[in-house]
Amino acid sequence: MNKVDVLIVGGGLAGLSVARNIVKNNLTILIVNKPPAKNNNPARLTFKDTIDHYGLTDCALAEYNSFGIFSYHGAVSTHTFSEPTFIALDDKRACEMIFNELKAFGNFSYQEGIVTDLVINDEQALATMNNGEQISTEIVVDASGKNHFSLKTLNKTIPNLYS
């Protein structure tokens with residue numbers, strides 16, 4: 001049985017960002033990520049100041065200083081700023097940059113696989129992988145995105161806020 005301080009389910013931008021923010025605290029971190037889909041390189045829109053802060057400006061595909069909101073009922077609202085406020089981010093490249101930075105830390109590890117079960121008690125969580133391996137941890141971070149891994153595994157539901 002593998003024991004880590006923090007288990008992060010999901011190795012995309014969210015999971016890697018969590019690891020990046022806590023890796024210097026000397027906690028053992030394991031990111032478990034399902035095998036990547038082929039040709040999956042989405043661009044996501046995010047705030048320019050966030051990208052600048054995290055040193056990911058090399059991952060910017062385009063900068064925008066305006067945006068529009070369009071409702072189903074035909075209402076339109078546009079907003080323009082004096083400087084670029086939003087960035088279209090090359091998600092794959094940003095993940096590679098953060099992953100390469102994390103590899104330098106001895107307390108960080110990455111594993112491809114799928115967590116199939118999660119049991120939580122008062123002192124720890126026990127995750128079971130699709131290969132049967134068990135991982136004991138004190139902290140579980142669900143960075144699985146729309147998959148909502150932990151909610152499905154714990155048989156919980158959340159309202160469907162988007163379609």
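Structure shown above.
Analysis parameters
Residues numbered from 1 in each chain as written. Predicted model: local features only at pLDDT ≥ 70, side-chain atom pairs only at ≥ 80, totals over all residues. Heavy atoms only, no water. Pairing = 2+ DSSP bridges. Helix = DSSP H or I, 4+ residues; strand = E, 2+ residues; numbered from the N terminus. Axes fitted to C-alpha atoms, helices over the stretch in contact; angles between N-to-C directions. Contact = heavy atoms within 4.5 Å. Phe/Tyr/Trp six-rings, centres within 6.5 Å; stacked < 30°, edge-to-face > 60°. Buried < 20%, exposed > 50% of the residue type's maximum accessible area, 1.4 Å probe, protein only. Disulfide = S-S within 2.5 Å. Expected span 1.5 Å × (residues − 1). Arc of directions from axis to C-beta. Polar contact = N/O pair within 3.5 Å; in protein donor to acceptor, adjacent residues only side chain to side chain.

Engineer: Quick question: what am I supposed to make of the pairing of strand S11 (residues 134–142) here?
Structural biologist: Along any regular strand the residues' side chains alternate between the sheet's two faces. Here strand S1 (residues 2–9) pairs with S11 via seven bridges, running parallel. Paired with Val 4 across the strands is Thr 137, a residue of S11. Sheet analysis places strand S10 (residues 125–129) next to S11, joined by four bridges and oriented antiparallel. What sits directly across from Ala 127, in S11, is Ile 135. Linkage of S10 to S11, two consecutive antiparallel strands, is achieved through a turn of four residues, within which Gly 132 is found at a positive phi near 95°.

Engineer: Whenever I open this one, the sheet that holds strand S8 (residues 108–112) confuses me. Can you help?
Structural biologist: Working definition: the strands of a sheet are paired by backbone hydrogen bonds and lie parallel or antiparallel to each other. Pairing is mixed across the open sheet formed by six strands, whose spatial order is S8-S2-S1-S11-S10-S9. Every other strand in the sheet has two partners, leaving S8 and strand S9 (115–120) as the edge strands with one partner each. In this sheet, neighbouring strand axes are inclined to one another by 40° on average, regardless of whether the strands run parallel or antiparallel. On the sheet, helix H1 (residues 13–22) packs against S1, strand S2 (29–33), S8 and S11 and is oriented at approximately 175° with respect to S2.

Engineer: Is there a simple way to explain the packing of aromatic side chains in this structure?
Structural biologist: How two aromatic rings sit relative to each other is set out by the distance from centre to centre and by the angle between their planes. Inspection of every chain in the model, using the stated rule, returns six aromatic pairs. The interplanar angle of 65° and the centroid separation of 6.3 Å between the aromatic rings of Phe 81 and Phe 86 together place this pair among those described as edge-to-face. Residue Phe 81 is classed as partly exposed on the basis of its relative accessible area, which comes to 34%. Ring centres 6.0 Å apart and planes at 75° place the aromatic pair Phe 99 and Phe 108 in the edge-to-face group. When its relative accessible area of 25% is taken as the criterion, Phe 99 is described as partly exposed. By relative accessible area, which is 10% here, Phe 108 ends up buried.

Engineer: Help me understand the state of the cysteines in this model?
Structural biologist: A covalent bond between the sulfur atoms of two cysteines is what we call a disulfide. The tally for this structure, following the rule as stated, stands at zero disulfides. Here Cys 95 is not cross-linked by a disulfide; its sulfur's nearest cysteine counterpart is in Cys 59, at 8.9 Å.

Engineer: Looking at this structure, I do not really get unusual backbone geometry. What am I missing?
Structural biologist: Glycine aside, residues mostly have negative phi angles, and peptide bonds mostly take the trans form. Of note in this structure, Asn 26 is not a glycine but carries a positive phi near 60°. Take Asn 26: it is sitting in the loop between H1 and S2. By relative accessible area, Asn 26 is classed as exposed at 67%.

Engineer: Sorry if this is basic, but what is going on with the side chain of Thr 46 here?
Structural biologist: Residue placement: Thr 46 occurs in strand S3 (residues 43–47). For Thr 46, a relative accessible area of 19% translates into the label buried. Leave out the neighbours within four places in its chain, and Thr 46 touches Ile 51, Thr 85, Phe 86, Ile 87 and Leu 89.

Engineer: Explain helix H3 (residues 91–102) here, please?
Structural biologist: Taking 1.5 Å per residue as the helical rise, H3 with its 12 residues ought to reach 16 Å, and the 17 Å between its terminal C-alpha atoms agrees with that figure. Residues of H3 that are buried include every one of Asp 91, Ala 94, Cys 95, Ile 98 and Leu 102, and no others. The arc that holds the buried residues of H3, viewed along the axis, is 100°, so those residues lie on one side. Its side-chain oxygen at 3.3 Å from the backbone nitrogen of Lys 92, Asp 90 defines the N-terminal cap of H3.

Engineer: I keep staring at the side chain of Ser 136 and nothing clicks. Help me out?
Structural biologist: Residue placement: Ser 136 occurs in strand S11. Non-local contacts of Ser 136, meaning those with residues more than four positions away in its chain, are made with Met 1, Asn 2, Lys 3, Val 4, Gln 124, Ala 125 and Leu 126.

Take it as geometry only, folks, not as evidence of what the structure does.
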